[in-house]
Amino acid sequence: MSPTAAYQELVDHKNYRYRGCAPDPDEPWLAAGSTEQDGKTVRVPLSAWSAPDLDGGEPQDVRIAREAAAIDVCVGCAVMVACARYANTVDADWHVTEPQGVLGGERGLDRHKRLIARRHEVVAAAPDARFDTDQKRAIIKALALRWDAREVAQVAGMDIRTANWQRSHLVRLLGLPKDATRMQLLEAAQARGLVQADWIRADDGTVPAVVTAMKAHPETVQGPRRTPGRRPGRAKFAAIEGQLDFDAELAALTAAPVAVVHSLPTAMPLEAAA
Ligand code: SF4
């Protein structure tokens, strides 16, 4: 969500006028919300939500007490979730929208930490240049749609030997074991943003990620016996039930570009605030 949209959502909230940090109508330097301490109601000044502009900053113990008081009020605030969602949005340069002060029950430092954690997640999930080749994209897309080795190669537009080499290379790049299954490869590819979930046709979990022409998945290969003196005919393959139903949608799907993350998103959705 963009900062503007999140801010609008916050101020449009039906309880925004009752927010804890709204000025008290009778004592406008105090917050409308309050906290309890030792059974007594404690009023909190509005200045508790942001650091004072002091040379050398405020003493640490004062800052901790100030932030704790503001956070206590936030916790009882009717718009805390929307407030935190807005405060955690990021701008086009991937900077947190509200870097300072207490908002939504969090300090500016908390928002920075969350942003850094999200950055690492996104960077880890983004495919690197080794995946960003025409052949890699084609073979991943084909593998998502088909599980028969020849059909994968056919859909990818390459010969079966090249297709299998690409599959083997993908297994290595994705850090999977040699005996990884097709579904494991596709899950790893999906986690890196290399393939869309709705392209993936699930198999029974036994189809290997890497096959050779001679060791194709046993359920899919029924090659003809060679008759001495005769040129072998073209191998016949029996598709797993349901696989050949994809033809109609295949044309549309293969025409669509593979979703590859090349840059960080410009907005970060907030995890549901506690
Ligand atoms: S959550 Fe805190 S900062 Fe946000 S509106 Fe409520 S009291 Fe104010």
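Residues numbered from 1 in each chain as written. Predicted model: local features only at pLDDT ≥ 70, side-chain atom pairs only at ≥ 80, totals over all residues. Heavy atoms only, no water.

Around the ligand sit R19, G20, C21, W49, C74, C77, V79, M80, C83, V102, L103 and G104, and that is every residue in its neighbourhood. A class-by-class count of the residues in the shell around the ligand yields 9 nonpolar, 2 polar and 1 charged. (Near = heavy atom within 4 Å. Nonpolar A, V, L, I, M, F, W, Y, C, P; charged D, E, K, R; others polar.)

Pairing between side chains becomes possible if they bear opposite charge and their charged atoms approach one another. Tallied over the entire structure, the rule returns 10 salt bridges. A salt bridge links E9 to R85; the nearest nitrogen and oxygen atoms lie 2.6 Å apart. Of this pair, E9 sits in helix α1 (residues 3-11) while R85 sits in helix α3 (residues 80-87), and the two are 76 residues apart along the sequence. Relative accessible area serves as the criterion here: at 27%, R85 is assigned to the partly exposed category. Notably, a salt bridge pairs R43 with E27, separated by 3.4 Å at the nearest N-O pair. One end of the pair, R43, is in strand β2 (residues 40-45); the other, E27, is in the loop between α1 and β1 (30-37), with 16 residues separating them in the sequence. Under the relative-accessibility criterion, R43 is labelled partly exposed at 31%. Looking at E27, the relative accessible area reads 29%, which means it is partly exposed. (Salt bridge = Lys/Arg side-chain N within 4 Å of Asp/Glu carboxyl O. Helix = DSSP H or I, 4+ residues; strand = E, 2+ residues; numbered from the N terminus. Buried < 20%, exposed > 50% of the residue type's maximum accessible area, 1.4 Å probe, protein only.)

Moving on, we get to α3. Burial within α3 is extensive, with 6 of its 8 residues counted as buried. What α3 keeps buried is the set M80, A82, C83, A84, Y86 and A87.

The next thing to look at is the nonpolar core. Of all hydrophobic cores here, the largest spans 29 residues; its most connected members are I139, I140, L185 and V195. Counting residues per element, the ones that place at least two in this core are α5 (134-145), α6 (149-156), α7 (160-173) and α8 (182-191). The residues contacting I139, other than those within four sequence positions of it, are V152, A156, M158, A163, Q166, R167 and L170. (Core = buried A, V, L, I, M, F, W, Y, C linked by side-chain atoms within 4.5 Å. Contact = heavy atoms within 4.5 Å.)

Relative to β2, β1 runs antiparallel, the two sharing 5 bridges. Within the sheet, the bridge partner assigned to E36 lies in β2 and is T41. Between β1 and β2, which pair antiparallel in sequence order, lie 2 residues; one of them, D38, sits at a positive phi of approximately 50°. (Pairing = 2+ DSSP bridges.)

What follows deals with the packing of α5 against α8. How two helices sit against one another is set out by the angle between their axes and by the gap between those axes. Interaxial distance between α5 and α8 falls to 10 Å at its minimum, and their mutual angle equals 125°. When the interaxial angle is binned, α5 and α8 end up oblique. α5 and α8 meet at a crossing whose hand is left-handed. The residues of α8 that touch α5, namely those facing I140, L143, A144 and L145, are R182, L185, L186 and A189. Counted by class, the contact of α5 with α8 contains 7 nonpolar, no polar and 1 charged residues. (Axes fitted to C-alpha atoms, helices over the stretch in contact; angles between N-to-C directions. Parallel < 35°, antiparallel > 145°, perpendicular 65-115°, else oblique. Left-handed = near helix turned anticlockwise from the far one by under 90°.)

This part covers the packing of α1 against α3. Running from amino to carboxyl end, α1 crosses α3 at an angle of 160°, the nearest separation of the two axes being 8 Å. Between α1 and α3, the crossing angle belongs to the class labelled roughly antiparallel. In this structure, the crossing between α1 and α3 has a hand that is left-handed. Contacts between α1 and α3 involve P3, A6, Y7, E9 and L10 from the first element and A82, C83, R85 and Y86 from the second. Its residues assigned to classes, the contact of α1 with α3 shows 7 nonpolar, no polar and 2 charged.

Turning to unusual backbone geometry, a few remarks are in order. Despite not being glycine, D38 has its phi angle at roughly 50°, a positive value. Within the secondary structure layout, D38 lies in the loop between β1 and β2.

Following the sequence through the fold, R66 ends up in helix α2 (residues 60-75). Since its relative accessible area comes to 12%, R66 is described here as buried. A polar side-chain atom of R66 sits 3.0 Å from the main-chain carbonyl oxygen of A48. Those residues in contact with R66 that sit more than four places away from it in its chain are S47, A48, W49, S50, A51, P52 and E58. (Polar contact = N/O pair within 3.5 Å; in protein donor to acceptor, adjacent residues only side chain to side chain.)

It is worth spelling out the side chain of N88 at this point. Checked against the element boundaries, N88 lands in the loop between α3 and α4 (108-125). One polar contact links N88 to E106, side chain to side chain, over a distance of 3.0 Å.

Our focus in this paragraph is the confidence of the model for the protein. Here the protein shows a mean pLDDT of 78. Residues at 70 or above account for 74%. For the protein, per-element mean pLDDT is lowest for helix α9 (residues 247-255), which scores 49, and highest for α3, which scores 93. Per-residue pLDDT stays below 50 along residues 233-250; that stretch engages in 35 contacts with residues further than four places along the chain or on separate chains. Of the regions scoring below 50 in pLDDT, residues 256-274 engages in 46 contacts with residues more than four places distant in sequence or in other chains. (pLDDT = per-residue confidence, 0-100.)

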